[in-house]
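Structure at a glance
Spelled out from the first residue to the last, the chains are:
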Amino acid sequence: LTTEQKYTLKEARTLLGMSKRDLSKASGISLSAINSIENGGKFQTNNGVALALAEALALEVHEIKWPRGRSDLGRPAKTGKPITIRRTFTISVTEEITIDSEHPLCPRHFMVLPTGTGVCDFCSK
Ligand SMILES: [Zn+2]
């Protein structure tokens, strides 16, 4: 199997000479779930189920066409295998600065102005 083309679950399975039962055994995913995906499915495929099936076929999840797409919703795969899910968060950090009137700050960079030059390091560059 090349990594460029996308296969349906049935195509990938057939190319590897696996029966649905073989795939079920290898992935830990139930025969009925495999049947449902191969028949076009009613729901999105849970990401855990997709991962277990892709791994059993030695493919990446995105190399297989999932008839209704994928999501983190729904029942997770009952494979007994741990599943790693990567999530990306955007965080915002708030810093509280107390301005001391004795030591003036650069109004542009909020750096304490050195007593010698009176010019902040960023401004002098
Ligand atoms: Zn400055």
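Anything mentioned here points back to the structure above.
Figured I'd write up the structure that's included with this text.

Procedures and definitions
- Residues numbered from 1 in each chain as written.
- Predicted model: local features only at pLDDT ≥ 70, side-chain atom pairs only at ≥ 80, totals over all residues.
- Heavy atoms only, no water.
- Donors = N, O, S within 2.8 Å, 3.2 Å for Na, K, Ca; no water.
- Tetrahedral: all angles 85-135°; square planar, octahedral: opposite > 155°, others 65-115°.
- Helix = DSSP H or I, 4+ residues; strand = E, 2+ residues; numbered from the N terminus.
- Buried < 20%, exposed > 50% of the residue type's maximum accessible area, 1.4 Å probe, protein only.
- Axes fitted to C-alpha atoms, helices over the stretch in contact; angles between N-to-C directions.
- Parallel < 35°, antiparallel > 145°, perpendicular 65-115°, else oblique.
- Left-handed = near helix turned anticlockwise from the far one by under 90°.
- Contact = heavy atoms within 4.5 Å.
- Nonpolar A, V, L, I, M, F, W, Y, C, P; charged D, E, K, R; others polar.
- Core = buried A, V, L, I, M, F, W, Y, C linked by side-chain atoms within 4.5 Å.
- Arc of directions from axis to C-beta.

Looking at the metal site, the zinc ion is ligated by C106 (SG), H109 (ND1), C120 (SG) and C123 (SG), spaced 2.1 to 2.3 Å from it. Classification of the site at the zinc ion as tetrahedral follows from its 4 donor atoms and the range of 101 to 118 degrees in their angles at the metal. Within one chain, the residues donating to the zinc ion are spaced in sequence as C-x2-H-x10-C-x2-C. Of this pair, H109 sits in the segment after β4 (70–71) while C123 is found in the segment after β4, placing the two residues 14 residues apart along the sequence. Residue classification places H109 among the partly exposed positions, given a relative accessible area of 28%.

The next thing to look at is the packing of helix α2 (residues 20–27) against helix α3 (residues 31–38). Their axes nearest at 9 Å, the elements α2 and α3 cross at an angle of 120 degrees. Regarding the angle of α2 to α3, the classification is oblique. In this structure, α2 crosses over α3, and the sense of that crossing is right-handed. Here α2 contributes K20, R21, L23, S24 and S27 to the contact with α3, which in turn contributes L31, I34, N35 and E38. Broken down by class, the residue content of the contact of α2 with α3 amounts to 3 nonpolar, 3 polar and 3 charged.

By size, the foremost hydrophobic cluster in this structure holds 18 residues, and its most contacted members are L9, L23, L53, L57, I64 and W66. Put simply, the parts of the chain that give this core at least two residues each are α1 (9–15), α3 and α4 (47–56). At 5 residues, the largest contribution of residues to this core is made by α4.

On to α2, then. Listed as buried for α2 are L23, S24 and S27. The buried residues of α2 occupy an angular sector of 100 degrees when the element is viewed end-on, so they sit on one face. Exposed and oriented more than 90 degrees from the buried face of α2 are R21 and K25. Of the surrounding elements, those touching the buried residues of α2 are α1, α3 and α4. Positive backbone phi, approximately 80 degrees, marks G28, located one or two places after α2.

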